[in-house]
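Spelled out from the first residue to the last, the chains are:
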Amino acid sequence: MTDRPRQFDLVVFDWDGTLFDSTALIVRCIQAACEDLDMPRPSDSVAAYVIGMGLHEALAHVVPELPPQRVPEMALRYRHHYFARQHELTLFEGSLELLARLKARHHWLAVATGKSRQGLNEALAHAQLHGVFDATRTADETASKPHPQMLLELMRELGVDPERTVMIGDTTHDLQLAANAGTAAVAVSYGAHEPEAFGSFDTRFVAHSMADLSAWLYEHA
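Residues numbered from 1 in each chain as written. Predicted model: local features only at pLDDT ≥ 70, side-chain atom pairs only at ≥ 80, totals over all residues. Heavy atoms only, no water.

Notes on the side chain of glutamate 153
Note on placement: glutamate 153 falls in helix H7 (residues 149–158). Once residues lying within four places of it in the same chain are set aside, the contact partners of glutamate 153 are Arg137 and Thr142. (Helix = DSSP H or I, 4+ residues; strand = E, 2+ residues; numbered from the N terminus. Contact = heavy atoms within 4.5 Å.)

Quick notes on the state of the cysteines
For the structure on display, the rule yields zero disulfides. In this structure cysteine 29 is a free cysteine whose sulfur lies 11 Å from that of cysteine 34, the closest cysteine sulfur available. (Disulfide = S-S within 2.5 Å.)

Section: empty space enclosed by the protein
Under the definition given, this model contains one cavity of 30 Å³ or more. Each pocket or cavity is described by its volume, and for the largest cavity that value is around 40 Å³. Taken together, Leu98, Arg101, Leu102, Arg105, Ser214, Leu217 and Tyr218 form the lining of the largest cavity. Looking at the lining of the largest cavity, its residues break down into four nonpolar, one polar and two charged. (1 Å grid on protein atoms, 1.4 Å probe; cavity = no way out; pocket = protein on both sides within 12 Å on 5 of 7 lines; lining within 4 Å. Points joined across faces, edges and corners; volume = space filled by probe spheres on them. Nonpolar A, V, L, I, M, F, W, Y, C, P; charged D, E, K, R; others polar.)

Some remarks on helix H8 (residues 172–181)
Most of H8 is tucked away, with seven of its 10 residues classed as buried. Taken together, the buried positions of H8 are occupied by Thr172, His173, Asp174, Leu175, Leu177, Ala178 and Ala181. Residues of H8 that are buried in the fold lie against helix H2 (44–49), strand E2 (108–113), H7, strand E4 (165–169) and strand E5 (184–188). Its side-chain oxygen at 3.2 Å from the backbone nitrogen of histidine 173, threonine 171 defines the N-terminal cap of H8. (Buried < 20%, exposed > 50% of the residue type's maximum accessible area, 1.4 Å probe, protein only. Polar contact = N/O pair within 3.5 Å; in protein donor to acceptor, adjacent residues only side chain to side chain.)

Quick look at the pattern of salt bridges
Taken as a whole and assessed by the stated rule, the structure comprises 12 salt bridges. Here arginine 77 makes a salt bridge to aspartate 36, at a shortest N to O gap of 2.9 Å. Taken together, the positions of arginine 77 in helix H4 (residues 71–85) and aspartate 36 in helix H1 (residues 23–36) put the pair 41 residues apart, joining distant regions of the chain. For arginine 77, a relative accessible area of 29% gives the class partly exposed. Linking glutamate 153 and arginine 137 is a salt bridge whose minimum nitrogen-to-oxygen distance equals 2.8 Å. Here glutamate 153, found in helix H7, pairs with arginine 137, found in strand E3 (residues 135–138); they are 16 residues apart in sequence, far enough to count as distant. The class of arginine 137 is buried, set by a relative accessible area of 16%. Each member of the salt-bridge network shares a partner with another, and the members are Asp14, Lys145 and Asp174. (Salt bridge = Lys/Arg side-chain N within 4 Å of Asp/Glu carboxyl O.)

Below, the structure is given as structure tokens:
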């Protein structure tokens, strides 16, 4: 085992659908929020597409006919449904071991997520991961993906250049974020977006399982 990373000093993870097995619940909660406001129920694929965006941006995309002044109301309904069931969620199997392995090799670890700060803090506490990540950014304290601001802020905070940073995520929003920030990108196919959507992006690797991701990072990161 080497004392320093071979290629990347900073490894940035998306949260939902990448480390946290939450895609199906998020889809159901978006659909329930739409029904609460008597809006059309979006399909699973439409609801899954917006995972990774900030909540208000996501809901406005799912229901474009919703008046802008009602988006906060829908967001409250989404949070009601999500927080009622978030205790059911878990990390993908192998996530803890992967994070521990990267920490042992002295990588900086970070999270860039479309969740709110409250939502991420609660998820980290639920997963007992407080203190594991060196920095985190959420959509309500910076620009939503795929704007590069949250990734640029993480690199600036930790003093790492784009060429020494890799962004890992399950959506095209994550891959576009990496492209916009000038970093490398790795996609995972077990989350919200189908892997066929990744073809137009310059990804270093597409992992089809947490074991795939762990093996690639250990060999190439």
